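In case you want the letters, here they are:
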Amino acid sequence: MQIQLSRANFATWLKNSRLVEKKDDTMVVALPNNFTKTWVENKYQKHLLGIIRNFDGSVRKIEFVVGGKYFTPVEERPAQEAGGIDLDFKTDPETGLNPKYRLSSFVVGPSNELAFAAATAITEAVGKKYNPFFVYGGVGLGKTHLVQGIGNEVLMKYKGRLKPKYVSSEQYTRDIVWGLRNDRIESIKKKYRDVDVLIIDDIQFIGGKEKTEEEFFHTFNALYENNKQIIISSDRPPQSLPVLEDRLRSRFEGGLIADISYPEFEMRVAIIKSKLDEMNRSLSDAVVALIAKRLRKNIRELEGVLKKIIFLQERKQTEVTEKMAEEIIDKATKSNTKHVNDTQIIKAVADFFNLTVEDIVSHTRRKEIVEPRQIAIYLLRDISDLSYPYIGEKLGRDHTTAIHSYEKISHEINKDPGLNQKILMIKDLIFKN
Ligand code: ADP
Ligand code: MG
């Protein structure tokens, strides 16, 4: 499995697995926690079974168990020699690609699984599958990493036979404006049409400039008609890009749209471990868990804090304790976590749906109240990390209703861009006041 999976995926899902025993035709495989177990069971079961059967044809089934008596922790990695934390990579001016972004270092989990699967499929059938590919998600959740990763993979896989090009929408706009002003628009046009994969990052910034949009529309069509791959990222789904013309929006909607949402705790742990691995550094499990617990919404921020902690550890030449890490995290997150109370959250939901707070906390099951109430529950948990019993009580429900509502919304948010958008707008309401 290690040979066949990417390094990040292997480290996330299988590194801590153990073959523990064989019971008749069943091989028992232990995994460290339930989250990993569910994932491996669903994603890798068949694959694993195939490999095991190569060694022992009498095995017919795999049984997955969590930790327990079977599980022995992995031995410590040998101490690593010192070296710079940041590996020095440079963006290639021709392709706009930075080799530090690799699909193989992209940790995959429930929050980005579809986007990653599409990315991989695209590198295997460039321009033929999922074209255009539109990926959206909040700040610091891996959009640039993913789309750059596709470009780099295409570069390596096709050894220069296919030409990828990455550009931010600001750079693209600057180029077009420059071309128009200096009578060089033809050469700019050529630059963007003479590629096999065009990647435009953060398309939300393209709008508003009519000429740029017009030009992009034509480039889009030219590439599309020639079966060239188009990849677009944005901080929101196509239908919520206000400035975009309808004809452009509907082009995006004709391809594959995937979102990247917030990573779960276990995935955040996996990301931290994979970054530590890349940097050849280590931190205690307690500190890793602490970082993962405190930095939930932005992987870039999480990485920043991680680097600060590593830096401290190096400078002090001692292992960073939880207390030391906590201080760094507090400092790093203080400026951007605004404290809001539960009443503000419920009020914002009510305002958004033109309801009253009393409607939301009432016992009615009217359809137009049920969803807002579920969203309120979701946000109380998501923003304030309140306990289910507390949330239940606050809304006159029991804790199972609170759990159910939270899970329902978290699930649907990934499938329903409209709902996702509503929630983003309510969050805006909450945080702007
Ligand atoms: P965005 O473009 O969505 O704002 P980036 O792609 O710049 O976010 O990601 C922010 C940082 O987090 C980058 O350093 C990136 O490498 C890292 N990152 C994001 N998602 C992942 C992931 N799934 N696995 C590993 N690193 C990730
Ligand atoms: Mg980005």
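S.K.: Explanation requested: the overall build of the protein chain in the structure shown.
M.R.: If you tally the helices and strands in the protein chain, you get 19 helices and eight strands. Compactness check: the protein chain gives a C-alpha radius of gyration of 24 Å against a globular reference of 22 Å for 433 residues, within 12% of the reference. When the backbone C-alpha atoms are referred to their principal axes, the protein chain occupies close to 70 × 60 × 50 Å. Residues counted as buried form 46% of the 433 residues belonging to the protein chain. Of all intrachain contacts in the protein chain linking residues separated by at least 6 positions in sequence, the fraction that spans at least 24 positions is 72%. Per element, the accessible surface of the protein chain, about 22700 Å² overall, is 51% carbon and sulfur.

S.K.: Looking at this model, I keep getting lost on the packing of helix 16 (residues 367-384) against helix 18 (residues 399-413). Mind explaining?
M.R.: Describing two packed helices takes the angle between their axes plus the distance from one axis to the other. In contact at an axis separation of 8 Å, helix 16 and helix 18 are set at 90 degrees when each is read in the N-to-C sense. Classified by the interaxial angle, the pair formed by helix 16 and helix 18 is roughly perpendicular. Between helix 16 and helix 18, the residues in contact are Gln374, Ile375, Ile377, Tyr378, Arg381 and Asp382 and Ala402, Ser405, Tyr406, Lys408, Ile409, Ser410 and Ile413, respectively.

S.K.: Can you help me understand the side chain of Gln374 in this one?
M.R.: Within the secondary structure, Gln374 sits in helix 16. A distance of 3.1 Å separates polar atoms of two side chains, one belonging to Gln374 and the other to Lys408.

S.K.: Explain the nonpolar core here, please?
M.R.: Grouped burial of nonpolar side chains is what soluble globular proteins tend to show. Ranked by size, the top nonpolar core spans 44 residues in total, and within it Leu14, Phe133 and Leu146 carry the most contacts. Structurally, this core is a two-domain feature, drawing no fewer than three residues from each of domain 1 (7-70) and domain 2 (103-260). Once residues lying within four places of it in the same chain are set aside, the contact partners of Leu14 are Met1, Leu5, Asn9, Val40, Tyr44 and Leu48.

S.K.: I'm lost on the sheet that holds strand 1 (residues 18-23) in this one. Help?
M.R.: Strand pairs in the sheet, formed through backbone hydrogen bonds, run parallel or antiparallel to each other. Taken in spatial order, the three strands of this open sheet run 1-2-3, and their pairing is mixed. Edge positions in the sheet fall to strand 1 and strand 3 (61-66), since each of these pairs with one other strand and no more. Put simply, the sheet's adjacent strands are angled 30 degrees from each other on average, direction ignored. Along the sheet, helix 2 (residues 34-43) contacts strand 2 (26-31) and strand 3; its crossing angle with strand 3, the most-contacted strand, is approximately 165 degrees. Across the sheet, helix 3 (residues 45-55) is in contact with strand 1, strand 2 and strand 3; its angle to strand 3 comes to roughly 120 degrees.

S.K.: What is the right way to look at the sheet that holds strand 6 (residues 197-201) in this model?
M.R.: Taken in spatial order, the five strands line up as 5-6-7-4-8 in an open sheet, and their pairing is parallel. Each of the sheet's edge strands pairs with one partner strand only, and the pair in question is strand 5 (164-168) and strand 8 (256-260). Looking at each pair of strands side by side, their axes are set apart by 15 degrees on average, direction ignored. The sheet contact formed by strand 4 (residues 133-137) and strand 7 (residues 229-234) spans four bridges and is parallel. Across the sheet, Phe133 pairs through a bridge with Ile231, a residue of strand 7. The sheet strands contacting helix 5 (residues 143-157) are strand 4, strand 5, strand 6, strand 7 and strand 8, and the helix crosses strand 4 at an angle near 150 degrees.

S.K.: Hey, could you run me through the confidence of the model for the protein chain in this one?
M.R.: Low pLDDT means the predicted atomic positions in that stretch should not be read closely. Predicted confidence across the protein chain gives a mean pLDDT of 88, with 93% of residues reaching 70 or more. Low pLDDT (under 50) marks residues 72-83, which in the prediction has 12 contacts with non-local residues, meaning those over four places away or in another chain.

S.K.: Help me understand the packing of helix 7 (residues 185-193) against helix 8 (residues 210-225) in this model?
M.R.: At their nearest, the axes of helix 7 and helix 8 sit 10 Å apart, and the two run at 45 degrees to each other. Classified by the angle their axes make, helix 7 and helix 8 are oblique. Viewed along their axes, helix 7 and helix 8 form a crossing whose handedness is right-handed. Contacts from Lys189, Tyr192 and Arg193 of helix 7 reach helix 8 at Glu215, His218, Thr219, Ala222 and Leu223.

S.K.: Would you mind going over the site of ligand 1 with me for this structure?
M.R.: The immediate surroundings of ligand 1 are formed by 16 residues, with Gly140, Thr144, His145, Arg300 and Glu303 found nearest. Taking Gly142, its main chain carries an N or O atom lying 3.1 Å from an oxygen atom of ligand 1. A distance of 2.6 Å is found between an oxygen atom of ligand 1 and a side-chain nitrogen or oxygen belonging to His145. Counting residues per element, the ones that place at least two in the shell around ligand 1 are helix 5 and helix 12 (299-316). A class-by-class count of the residues in the shell around ligand 1 yields five nonpolar, seven polar and four charged.

S.K.: Can you help me understand the domain arrangement of the protein chain in this one?
M.R.: How big an interface is tends to be expressed through the accessible area that disappears when the partners come together. Here the domain parsing of the protein chain yields domain 1 (7-70), domain 2 (103-260), domain 3 (264-286 + 311-320) and domain 4 (342-432). Each of domain 3 and domain 4 has a C-alpha centre, and these two points are 35 Å apart.

S.K.: What's the story with the side chain of Asn152 in this structure? I'm lost.
M.R.: Within the secondary structure, Asn152 is located in helix 5. Within the structure, the side chain of Asn152 is placed 2.9 Å from the backbone oxygen of Asn98, a separation counted as a polar contact. Contacts of Asn152, omitting those with residues within four sequence positions, involve Leu97, Asn98, Pro99 and Tyr101.

S.K.: Would you take a moment to explain the environment of Glu153 for this structure?
M.R.: Take Glu153: it is sitting in helix 5. For Glu153, a relative accessible area of 23% corresponds to the partly exposed category. C-alpha separation for the pair Glu153 and Thr123, spaced 30 residues apart in sequence, amounts to 6.7 Å. Excluding residues within four positions of it along the chain, Glu153 makes contact with Leu103 and Thr123.

Definitions and cut-offs
- Residues numbered from 1 in each chain as written.
- Chains lettered and ligands numbered in written order.
- Predicted model: local features only at pLDDT ≥ 70, side-chain atom pairs only at ≥ 80, totals over all residues.
- Heavy atoms only, no water.
- Helix = DSSP H or I, 4+ residues; strand = E, 2+ residues; numbered from the N terminus.
- Rg over C-alpha atoms; globule rule 2.2 N^0.38 Å.
- Buried < 20%, exposed > 50% of the residue type's maximum accessible area, 1.4 Å probe, protein only.
- Contact = heavy atoms within 4.5 Å.
- Areas by Shrake-Rupley, 256 points an atom, 1.4 Å probe, with all protein chains shown as cover.
- Axes fitted to C-alpha atoms, helices over the stretch in contact; angles between N-to-C directions.
- Parallel < 35°, antiparallel > 145°, perpendicular 65-115°, else oblique.
- Polar contact = N/O pair within 3.5 Å; in protein donor to acceptor, adjacent residues only side chain to side chain.
- Core = buried A, V, L, I, M, F, W, Y, C linked by side-chain atoms within 4.5 Å.
- Domains from an automatic or database assignment.
- Pairing = 2+ DSSP bridges.
- pLDDT = per-residue confidence, 0-100.
- Left-handed = near helix turned anticlockwise from the far one by under 90°.
- Near = heavy atom within 4 Å.
- Nonpolar A, V, L, I, M, F, W, Y, C, P; charged D, E, K, R; others polar.

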